[in-house]
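Now for the letters of each chain:
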Amino acid sequence: MAAGEESEIYEDLMRFKPHDLTPNAWAVQAGVSRTVWADMRRHGNPSRRTLEKLLVVAGSSLAEFEALRVSGGEPGRDNARPAVGDRGAPAWTAARLPPLPLVGSGSAGEWGDPASRIDATELRPGEVVDRIQRPITLANDPAAYALTIVGNSMWPRFRAGRRIAVSPGAAAAIGDDVVVKLKSGSSRSDARGGVTSALIKELVRTTASAVDLRQFNPDVIFSVPRAEILTIEKVVGELL
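So, here is what we can say about the structure in this document.

Procedures and definitions
- Residues numbered from 1 in each chain as written.
- Predicted model: local features only at pLDDT ≥ 70, side-chain atom pairs only at ≥ 80, totals over all residues.
- Heavy atoms only, no water.
- Core = buried A, V, L, I, M, F, W, Y, C linked by side-chain atoms within 4.5 Å.
- Buried < 20%, exposed > 50% of the residue type's maximum accessible area, 1.4 Å probe, protein only.
- Helix = DSSP H or I, 4+ residues; strand = E, 2+ residues; numbered from the N terminus.
- Salt bridge = Lys/Arg side-chain N within 4 Å of Asp/Glu carboxyl O.

Next up on the list: the nonpolar core. Leu 13, Trp 26, Trp 37, Met 40, Leu 54 and Phe 65 are the most contacted members of the largest nonpolar core, which has 17 residues in total. Of all the elements in the fold, those that place two or more residues in this core are helix H1 (8–13), helix H2 (23–30), helix H3 (34–43), helix H4 (48–57) and helix H5 (62–71). With 14 residues, the next largest nonpolar core counts Val 103, Ile 164, Val 166 and Val 235 among its residues.

Between Trp 155 and the following residue, Pro 156, the backbone shows a cis peptide bond with an omega angle of 10°. Note on placement: Pro 156 falls in the loop between strand S3 (145–148) and strand S4 (163–167). Here the bond from Asn 217 into Pro 218 is cis, since omega is 0°, no more than 30 degrees from zero. Within the secondary structure, Pro 218 sits in the loop between strand S9 (210–216) and strand S10 (219–225). Although it is not a glycine, Arg 117 adopts a positive phi angle of roughly 65°. Secondary-structure assignment places Arg 117 in the loop between strand S1 (100–110) and strand S2 (119–132).

One pass over the structure, following the stated rule, counts 16 salt bridges. The salt bridge partner of Arg 15 is Asp 12, with a shortest N-O separation of 3.3 Å. The class of Asp 12 is buried, set by a relative accessible area of 4%. In this structure, Asp 176 engages Arg 48 in a salt bridge whose closest nitrogen and oxygen atoms are separated by 3.9 Å. Separated by 128 residues along the polypeptide, Asp 176 in the loop between S4 and strand S5 (177–182) and Arg 48 in helix H4 bring together distant segments of the chain. Given the relative accessible area of 7%, Asp 176 is considered buried.

Okay, structure coming up:
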């Protein structure tokens, strides 16, 4: 296949390719089929899951990939001072973005029926435990925030203790990870401010009356009535 036939997203992805792997070996190690790999190379439009698989093998994340596609930088480099000749090097340094607030989080126990094994998370929006670097993809979302994953209910997607970025301003699609804030348990408050119960899961299906979510550990798909939901907010990626 001629280089000119390769899609733009494939060329951007090659900037993340592990040095010790050929492109095809990278796809095999990530569990991406030959058909999906060839289609992405020629036409683009890979699924979010495909990109995540490849970037995990490369030691990166979807958030970094999206940020560097916008900025034109290179993975693992100081993108504020690109070398002459770097692809997409800007002519000036962009203004520093405001930091992303890391809100307090903890375990809210099980959601639903007793012994459901569906883990809920307690969010404390009024408690900002840290302020961290904001991805450029969230530059225009002042309501964006980060939180720390509690528990292993979404393993292997998210490990306990990892931080994720959440964008209330982004539209969530089927297959996206989401933070579903619940009305139940959301009226309590403590000395640090309000407390909100939430489900951090994968969005499977939506109807007029309910939202179906998937938890990975244990692997279960369950429904949440619309009447119990405050908001559905998109997880845009894991923060390194």
